[in-house]
Amino acid sequence: MTVPARVQGRRILLIIQKLAERSGGAERVLVETANALARRGYQVEIVTCEYRGRPPFYPVVPGVILSNLRKPERSRWQRPVDRARRLVERAHDVPGLDRLAWLSRHGAFWRRLGTHIEATRPAAAVAFMPPAITALALARTTYPVRRVASMHNAPEQDFLNPSRWDPSRLDRRRRLELMSRMDRIAVLLPEYRDWYPPHLRRAVAVLPNAVTPVPLHLRAKPRDKVVLSVGRLASVKRHGLLIDAWTRLAPSFPDWELKIFGDGPLRSELQSRIDAAGLTTAHLMGHSGEIAEQYQSAAILAHPAEFEGFPLAVTEALASGLPVIGFADCSGLNRLVRDGENGVLLPDQGDRLDNLTTALGSLMADAPRREALGAAGPASVEPYAPEVILDQWEELLFGDDLPGLPDAGR
Amino acid sequence: MQMKAMSHDLDVLIPHYRDPAGLRSSLDSITQQTWGGRIRVVVVDDGSPEESFAEAEVECEHFRALGRHDLVLLRNDRNLGRPRTRNRLIDAIQSPYVAWLDAGDIWYPEKLTRQFEHLANLCLNGRDPNRIWVTCAYDWSQADKTRTLTQDTRGDQLRSLLIGSNLRAYLWTLLGTAEAFRIAGRFDERLPRLQDLDYFINFVRAGGQISSPRGREGLCCYFKSHLGRNAAEIHACYKLILAKNAPALKRYPPSLASELHYKAARLASQFAKSNDRPYAATLFLLRGALGSPRHTARMVVGLARRRLKGAPAKPASLQQDAQS
């Protein structure tokens, strides 16, 4: 795919509501995409709308401009106003107040974003995740900027799950309605495209996350007896289940360690669980800036998550030659991990704890099997090489044809 | 004429429009540089009339005939304006280092030598050359008067550029690597004036740093004229730059935004006054006063205090020029 030379140097806005010190997968994809596009000669600006005036967790390269549409801190007079607004926002499902609550929550973002787009006139604007997509959809402009929605979850999680994003019914309805204002909708997997109604499907393009290949010499042999788990410490990742399985396995594998990397709201609860079970070989490691080294030296990635979009931890483990174990009904993961080829997919029927304990123990005890599964990992993520994915980004932003749409009724 | 890629050390980029005599001065100043590297000069003529272009061709041929450096002359089919011409110059970059010069302005012989030495020293001190632009002190020549102005690169460079008193956005002072110029992106084609300022702000906001060699002697000379410049256009350009960078301005106290909006009006007023439009000049000042009452009040109080103390009125600080 070639993009005409004239598009190099065009201005691109990447929009996300919150980025300051956030270490999530979507934030990482946004920063890595911004960096890669800047290296290709585009003028890239990352636009946020948040009160925290802190830098992003993932570093941006020279050439990428960071713009926060809000002041870094609330002023004195804003605090009482914000308290009143929070009260209104609590009434998000009360008829009559729901629109006011919705406006209070989203109004500033889309109004400021519209002003900023008018001032900077980007050729394309990409919104990451629902709050930013709502703002981009509603931003008023006087010229035809290409609007792209970048989705980072299974669609039912983004559009139907009341515990994610704005919990109001009004927002859940509008979220989907506003997608019709997008010129392109980027989803991570082909099956996610099928979820969208026919009138939107036409705009949907499959754009997976990029996976950086790991050179052969960096893949450690022999690997340490470590089971790795990487992800935000939140209920959706099911770290508790993993710790319970480890409680059963630890006595049989005294020379093995469980290392859980990441941080999140369940940290203290998980630590209590480890302490209560008296586990000395299970550790919460917090964030690490050198997680790549862990993938290269550990023996297994355990990823018992409930659902995923396109799990970066799994792709990076596979690229590093690490076998992955996870549940067959976990979206995203079940597309990347092929049972018996590059990892183990656990059945979702029966007791999950039993299934996880049995399969993990079996893999820990079988070094030749781990090696065979790990060896197949790098090849399985080759289609997601950064240059390939970046070409697809360019086509999405500036090409006339949609990638990944063989016969979607275009 | 196309040169072989990467066969030179430095590209000197010159936009030209209807000023062959000025172009000759600029080319002569390049010839006189003491720096010994291989230079490729790229001149883009912005659709000058045939006669003027023919004279520019003669000057370019004369430069080539000296045999010291190479020169590429390109021409826009029609007058596209300074930003688009400068973008065409950016597209023509082939060498690892880049410097800019405007037809009519000149470099003194030591300019490149001093700037390359400074860049080398920065590299020795562990700085990344691909994030640095080297500027320099310069002579400001206006109405037969010349004074030397230094560039103060200390402190918050974004703020300094916006205020424009101690650090000014003049492209013809710059030397840097081609990669360092990539950071700033391209010139905004909606800015017929002040596109230098916008380009500098982009560079600093995108992680670039401006540095200047020590010393107070000017290394180049800018010949200044306010004549023929549209005050309303300058005002609109300044306002657009402030709008583009509104998110960056939010991190400063509101007094800065007030000062800058006042400055936009005052700058336009200066240009209107220079072009014998006193009525328009007064209107712009009034606009500035009404639009930025906070800053105007501070100015009036400061002026009154100085008067009461018997101190002479503060000389008007040299404002960011709208030469682009």
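Residues numbered from 1 in each chain as written. Chains lettered and ligands numbered in written order. Predicted model: local features only at pLDDT ≥ 70, side-chain atom pairs only at ≥ 80, totals over all residues. Heavy atoms only, no water.

## Here's the deal with the sheet that holds strand E10 (residues 209-211) of chain B
Working definition: the strands of a sheet are paired by backbone hydrogen bonds and lie parallel or antiparallel to each other. Residue and element names in this part refer to chain B. Read from one edge to the other, the open sheet built from seven strands follows the order E3-E2-E1-E4-E9-E6-E10, with strand pairing classed as mixed. The outermost strands of the open sheet, each flanked by one partner alone, are strand E3 (70-75) and E10. Recorded for the sheet is a direction-independent mean angle of 25° between the axes of neighbouring strands. In terms of strand pairing, strand E6 (residues 132-134) meets strand E9 (residues 175-177) through two bridges, oriented antiparallel. Looking across to E9, one finds that Val134 is bridged to Leu175. Across the sheet, helix H1 (residues 20-31) lies against strand E1 (10-16), strand E2 (39-45) and E3, angled at about 165° from E1, the strand it touches most. Across the sheet, helix H3 (residues 82-91) touches E1, E2, E3 and strand E4 (97-100), and the angle it forms with E1 is around 155°. (Pairing = 2+ DSSP bridges. Helix = DSSP H or I, 4+ residues; strand = E, 2+ residues; numbered from the N terminus. Axes fitted to C-alpha atoms, helices over the stretch in contact; angles between N-to-C directions. Contact = heavy atoms within 4.5 Å.)

## Points about the interface of chain A and chain B
On the side of chain B, 16 residues touch chain A, which itself brings 25 residues to the contact. Carbon and sulfur atoms make up 55% of the surface buried where chain A meets chain B, a total of about 1,500 Å² over both sides. Between chain A and chain B we count zero salt bridges in total. There are five residue pairs in polar contact (both at pLDDT 80 or more) connecting chain A and chain B. Elements with a minimum of two residues in the side of chain A that touches chain B: helix H1 (25-39), strand E2 (43-48), strand E3 (64-68) and helix H3 (98-120) of chain A. Of the residues that constitute the side of chain A that touches chain B, the class distribution is nine nonpolar, eight polar and eight charged. (Buried area = accessible area lost by both parts, 1.4 Å probe. Salt bridge = Lys/Arg side-chain N within 4 Å of Asp/Glu carboxyl O. Polar contact = N/O pair within 3.5 Å; in protein donor to acceptor, adjacent residues only side chain to side chain. Nonpolar A, V, L, I, M, F, W, Y, C, P; charged D, E, K, R; others polar.)

## Comments concerning the domain arrangement of chain A
Residues and elements named next belong to chain A. Under the domain assignment used here, chain A contains domain 1 (5-210 + 385-398) and domain 2 (216-382). Taking the mean C-alpha position of each, domain 1 and domain 2 sit 31 Å from one another. Across the contact, 19 residues belong to domain 1 and twelve residues belong to domain 2. For the domain 1 and domain 2 pair, buried surface summed over both sides reaches about 1,200 Å², with 57% attributable to carbon and sulfur atoms. Together, Arg28, Leu189 and Asn209 form the three largest contributors to the area buried by domain 1 at its contact with domain 2, with a combined 32%. Taken together, the links from domain 1 to domain 2 amount to two salt bridges. At the junction of domain 1 and domain 2, the tally comes to eight residue pairs in polar contact (both at pLDDT 80 or more). (Domains from an automatic or database assignment.)

## Quick notes on the domain arrangement of chain B
All names here are of chain B. Domain boundaries in chain B define domain 1 (10-223) and domain 2 (232-309). Each of domain 1 and domain 2 has a C-alpha centre, and these two points are 28 Å apart. With 16 residues of domain 1 in contact, the opposing surface of domain 2 contributes 18 residues. Buried surface at the junction of domain 1 and domain 2, both sides included, amounts to about 1,600 Å², of which 64% is carbon and sulfur. For the pair domain 1 and domain 2, the interface holds three salt bridges. Across the domain 1-domain 2 interface, the total number found is eight residue pairs in polar contact (both at pLDDT 80 or more). Among the residues forming the side of domain 1 that touches domain 2, the class breakdown is eight nonpolar, one polar and seven charged.

## Details of the packing of aromatic side chains
A complete count under the given rule lists 24 aromatic pairs over all chains for this structure. Ring centres 4.3 Å apart and planes at 5° place the aromatic pair Trp35(B) and Phe116(B) in the stacked group. Within this pair, whereas Trp35(B) is found in the loop between H1 and E2, its partner Phe116(B) is found in helix H4 (residues 111-124), the two being separated by 81 residues in sequence. Like Phe116(B), Trp35(B) is buried. Each member of the aromatic cluster is reached from another via a ring pair, and the members are Trp100(B), Trp133(B), Phe181(B), Phe187(B), Tyr199(B), Phe200(B) and Phe203(B). Here the guanidinium or amino end of Arg352(A) rests over the ring plane of Phe327(A), the centre of that ring lying 4.8 Å away. (Phe/Tyr/Trp six-rings, centres within 6.5 Å; stacked < 30°, edge-to-face > 60°. Buried < 20%, exposed > 50% of the residue type's maximum accessible area, 1.4 Å probe, protein only. Lys NZ or Arg CZ within 6 Å of the ring centre and 35° of its normal.)

## Observations regarding the pairing of E3(A)
All names here are of chain A. Of all five residues in E3, four are buried, a share of seventy percent or more. Pairing of E2 with E3, which is carried by five bridges, proceeds in the parallel orientation. By the bridge assignment for E3, Val47 is matched with Ser67.

## Some remarks on the UniProt feature "domain: Glycosyltransferase subfamily 4-like N-terminal" (unreviewed entry) in chain A
Under the local residue numbering, the UniProt record ascribes the feature "domain: Glycosyltransferase subfamily 4-like N-terminal" (unreviewed entry) to residues 24-211 of chain A. From the first C-alpha to the last, residues 24-211 of chain A spans 16 Å; its make-up is 45% helix and 15% strand. (UniProt positions renumbered as here; feature names shortened; annotations may be inferred.)

## A look at the pattern of salt bridges
Evaluated as defined, the whole model comprises 40 salt bridges over all chains. Ionic pairing is found between Arg64(B) and Glu61(B), a salt bridge with its closest N-O pair at 2.9 Å. A residue pair is termed a helical-turn pair when its members lie 3 or 4 positions apart in one helix, as Arg64(B) and Glu61(B) do in helix H2 (residues 50-65) at three residues. Judged by its relative accessible area of 24%, Arg64(B) is partly exposed. Through salt bridges with shared partners, a single ionic network connects Arg40(A), Glu387(A), Asp391(A) and Glu394(A).

## Digging into the UniProt feature "domain: Glycosyltransferase 2-like" (unreviewed entry) in chain B
As annotated in UniProt, the feature "domain: Glycosyltransferase 2-like" (unreviewed entry) corresponds to residues 12-122 of chain B in the numbering used here. For residues 12-122 of chain B, the end-to-end C-alpha separation is 22 Å, with 45% helix and 22% strand making up the annotated structure.

## Brief notes about helix H15 (residues 367-375) of chain A
All names here are of chain A. Turning to H15, its buried residues number three or more, namely Arg370, Leu373 and Gly374. Looking straight down H15, one finds that the buried residues subtend no more than 100° of arc, so they occupy a single side. H15 presents Pro368, Glu371 and Ala375 as exposed residues on the side facing more than 90 degrees away from its buried surface. The inward-facing, buried residues of H15 contact strand E11 (300-303), strand E13 (343-346), helix H14 (352-364) and helix H16 (377-380). The backbone nitrogen of Arg369 has a side-chain oxygen 3.2 Å away, supplied by the residue at the start of H15, namely Asp366. (Arc of directions from axis to C-beta.)

## Observations regarding the side chain of Gln195(B)
Summarising the element assignment, Gln195(B) is placed in helix H7 (residues 195-205). In this structure the side chain of Gln195(B) is engaged in a polar contact, spanning 3.0 Å, whose partner is the backbone oxygen of Leu191(B).

## Observations regarding a nonpolar patch on the surface
Residue and element names in this part refer to chain B. A cluster of nonpolar side chains, contributed by Tyr279, Leu283, Leu286 and Leu290, occupies part of the molecular surface with about 490 Å² of accessible area. Mapping Tyr279 onto the fold places it in helix H11 (residues 278-291). Given a relative accessible area of 65%, Tyr279 falls into the exposed group. (Patch = residues over 30% accessible without salt bridge, like charges linked within 9 Å, V, L, I, M, F, W, Y side chains within 5 Å. Areas by Shrake-Rupley, 256 points an atom, 1.4 Å probe, with all protein chains shown as cover.)

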